[in-house]
Amino acid sequence: MTATKQGILLMDVMNDQSADAFRVRITKHLTFTLGKDKPHASLYDWRMAVSYSVRDLIIEPWFAATRKTYEAQGKRVYYLSLEFLIGRILGDAMMNLGLFDIVKDVLDGEGISLADVIADEPDAALGNGGLGRLAACFLESMSTLACPAVGYGIRYEHGLFRQRFEGGRQVEHPEDWLNQPHPWEFVRPEARYTIPFKGHVADVDGKLTWRPSETVYARAYDMPVVGWQGKWANTLRLWGAHPTELFDLERFNSGDYTAAATPEALARTLSRVLYPDDTTDSGKELRLKQEYFLTSASLQDILRRFLSEYDDLELLPAKVAIQMNDTHPALAGPELIRLLMDQHGLAWDVAKRISVKCLNYTNHTLLPEALETWSTWLLGRVLPRHMQIIERVDQEHQLTTKCSAELGIVRQDQVHMGTLAFVMATNVNGVSALHTQLMKETVFAGLNGLYPARILNQTNGVTPRRWLRLSNPSLSSVLTDTIGAGWENDLDRLSELGAHEANQDVRDAIGAAKRKNKVALSNWVGAQLGISLNPDAMFDVQIKRMHEYKRQLLNVFETIARWSAIRANPQGNWTPRVKVFGGKAAPGYFAAKEIIHLINDVAKTINNDPVVGDLLKVVYPANYNVSMAERLIPATDLSEQISTAGKEASGTGNMKFTMNGALTIGTLDGANVEIREHVGAKNFFLFGMTASQVQERYLVHDHARQAISASQPLQDILQMIAEGRFSPEDKGRYGGLVDATWNHDPFLVASDFDSYLACQADVDQAFTDKDHWNTLALRNIAGSGFFSSDRTIKGYMADIWDTKSLS
């Protein structure tokens, strides 16, 4: 038998997706991969065996996609992101491969719960918030659309951190997701690159040569990312840091055991933790090294792959599209120039031109302080060759555009990474229509004038496979029964639901699906937190990264006002509510951590108040992650999208909630604007100032004091907090927070409070009529099709990357 026929026969066996074949596959992995028999297999063993068995079925489409990509000789996309918040993989892979029923039948026959197997998988700790979740959605959509792509990130051993609450305070602990084998990755020891740091640049025979004093290896770990129906799979390549000098045997033999292991410890530090605290000089250096580690390894890999097919580097822009996801990979510009010049011998002008044509930059923030800067001293010490290249790019930028020094890359001894990314990119995109317009008018106004065609919009989206089909099977069944199959990869079809608005059975089915999810969440909260919830109450949810501009403080102020009002009239006609919070604060972000503490103190007071009872509960489960979001979002009635207008770039949680039939209370900020347009203004609870009104309000020097003086409810809230009503053991605990609200209030919580309070009353009124609420939910679902990440990726492919689908 020929090798080709053997390969075909092997793939026929591998692709057999019958229950019998899958049972055999699981048994083989239990026995030969894990070394267990069924009577002695633990839940972990079953989960690993199922994971390996599902992974087997991804291999062939993964290999086939790679072969087809090489054969097509077209352009590939390379997506560089410091975060990929991928969540659990098993359920998502089974769903995209159509294996759920088969796997469930096999496990049922063994007396094993599929739900328990899925829940046993730890969330991959590779991200923090929307930035990383967006990257994960994009990779899945690129696979669904057969867009040839590789995602590049870092294989963090401990991720961001595991959040716990001690006395209401956030406490950070290391994530431990890699304490057990990760069944979805393939180690690629042959894909290893040397990453240099520090040292000096020497002139050797008229050529500038970097002689680094530190080096580490970047080793590749590959994960296949399969798309809908398993037709295509792309690669997520994560880099792990390893020492170039593994072990100092001489020091070890002399008894200096700690020093002997120093090279390995220092190397692994680079890929241990996402976003190390950068309030110290050593923390800043580590952050910079991490960003360069990701960028250099990825670009070396891209060039290696390109040169394995072509020998003319002038072709690079026709074959390679590199997307920088925010400023973290902004060193891609100078690094690509360095590689093309110093290692491949290209002239400056050619290297720079090729680099710009390959690179594109996605901006994710309108906050100037969030656009990264590095001191020239630090960057010049850690990356001396790049400092030279950046200065030359900056000189040419200023000379060519005749711009002022304020628009330079290097100014006031700081390297401005947003400006660097902008200048070195062919396209710079915003992530919502409002955000893109404000980019042109605010943070990049000057650069937009110099490069007027560079900024364009690509409104974010989310994958409906994970965020609707997988996380909300009850609603998914209603949709399929109502509009037919096939909406999962054609989400515009959700608009067909609008034709069924008058159908009472459909409205009731949507309401029943929501209540089923709320019952499941209530049971989970009872088991995890010991808090009893009424599933017929309104579930009012705000889950996102803790930041002052996202205004969790506004939400907790309204919660206090509601509690106070119920206590004053407990027999009133109140709409029962469950307030749910979720999210982590950066370890060094004191103000955000103080808000977390306040929320937990308020929750403790309210949840133990017999006067209020089930009319109001406050829930804040610790360690919010993707899996928790999949539990919370389908059970949500009201989605809190209440950031200060003009501060949120887009948001993606808002899209997930809308897709799952939650109504939004929100400002005209980020993608809220487009959500309101698509679902209808009457089906969206709008409050607060617009972005232009926000800017006008900032001109009022005592805006906070004026707003508080005009609002008796807000005065009462601040007084209760100040006098220690929620912290009787430490009455002055929140004195600083109260003072800041009266006298500073940078995100206009006080100025928007009365509008928010009035809008929440409108929400209460609407919720009293459950059939009317179900109608509003139906309209939100029907209007959410635009917010699929498939639509977003099609936009990138056409407008930014100039790539074609190979389906």
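About the cut-offs
Residues numbered from 1 in each chain as written. Predicted model: local features only at pLDDT ≥ 70, side-chain atom pairs only at ≥ 80, totals over all residues. Heavy atoms only, no water. Helix = DSSP H or I, 4+ residues; strand = E, 2+ residues; numbered from the N terminus. Rg over C-alpha atoms; globule rule 2.2 N^0.38 Å. Buried < 20%, exposed > 50% of the residue type's maximum accessible area, 1.4 Å probe, protein only. Contact = heavy atoms within 4.5 Å. Areas by Shrake-Rupley, 256 points an atom, 1.4 Å probe, with all protein chains shown as cover. Lys, Arg positive; Asp, Glu negative; His and termini not counted. Charge placed at Lys NZ, Arg CZ, Asp CG, Glu CD. Polar contact = N/O pair within 3.5 Å; in protein donor to acceptor, adjacent residues only side chain to side chain. Axes fitted to C-alpha atoms, helices over the stretch in contact; angles between N-to-C directions. Parallel < 35°, antiparallel > 145°, perpendicular 65-115°, else oblique. Pairing = 2+ DSSP bridges.

K.L.:
Which residues make up the overall build of the protein chain, and what are the values?
P.N.:
Counting its secondary structure elements, the protein chain contains 34 helices and 22 strands. Scaling as 2.2 N^0.38, a compact globule of 807 residues should have a C-alpha radius of gyration of about 28 Å, and the protein chain matches this with 27 Å. If one aligns the C-alpha atoms of the protein chain with their principal axes, the spans along those axes are about 85 × 70 × 65 Å. Counting every position in the protein chain, which comprises 807 residues, the buried fraction comes to 59%. In the protein chain, 76% of the contacts between residues at least 6 apart in sequence involve partners at least 24 apart. Counting every atom, the protein chain has about 30,700 Å² of accessible surface; 51% of that belongs to carbon and sulfur. Computing the positive centroid from 83 side-chain charges and the negative centroid from 97, the protein chain places the two 2 Å apart.

K.L.:
Now, about the side chain of lysine 550: what can you tell me, with residues and values included?
P.N.:
With respect to the secondary-structure elements, lysine 550 resides in the loop between strand S17 (538–543) and helix H23 (552–568). For lysine 550, a relative accessible area of 7% corresponds to the buried category. In terms of polar contacts, lysine 550 uses its side chain to reach the side chain of tyrosine 549, at 3.2 Å. Once residues lying within four places of it in the same chain are set aside, the contact partners of lysine 550 are Gln542, Lys544, Arg545, Ile642, Ser643 and Glu648.

K.L.:
How would you summarise the packing of helix H13 (residues 332–343) against helix H16 (residues 384–401) if you had to cite specific residues and measurements?
P.N.:
At a minimum axis separation of 9 Å, H13 and H16 run at an interaxial angle of 105°. Classified by the interaxial angle, the pair formed by H13 and H16 is roughly perpendicular. Residue-level contacts link Pro334, Glu335, Ile337, Arg338, Met341 and Asp342 of H13 to Arg385, His386, Ile389, Ile390 and Val393 of H16.

K.L.:
With reference to specific residues and values, describe the sheet that holds S17.
P.N.:
The sheet built from 6 strands is open, its strands ordered S19-S18-S17-S20-S21-S22 with parallel pairing. Unpaired on one side and paired on the other, strand S19 (616–619) and strand S22 (685–686) mark the two borders of the sheet. Looking at chain direction, strand S20 (residues 638–641) and strand S21 (residues 663–666) are connected through 4 bridges and run parallel. Residue pairing in the sheet places glutamine 641 in a bridge with glycine 666 of S21. This element, helix H22 (residues 504–529), spans S17 and S19 of the sheet and lies at about 65° to S17.

K.L.:
Go over the sheet that holds strand S11 (residues 359–362), please, and point to the residues and values.
P.N.:
If you walk across this open sheet you meet the 9 strands as S5-S8-S9-S2-S1-S10-S11-S15-S16, and the pairing is mixed. Strands with a single pairing partner mark the edges of an open sheet, and in this sheet they are strand S5 (186–197) and strand S16 (455–457). Direction aside, neighbouring strands of the sheet carry axes that sit 25° apart on average. Relative to strand S9 (residues 233–243), strand S8 (residues 214–226) is paired through 11 bridges, and the arrangement is antiparallel. Among the inter-strand pairings, proline 224 is bridged to a residue of S9, identified as threonine 235. In the packing of helix H14 (residues 348–358) onto the sheet, the strands contacted are strand S10 (320–325) and S11, and the crossing angle to S11 comes to about 45°.

So, to be careful, I would describe these as geometric facts and stop short of saying anything about function.
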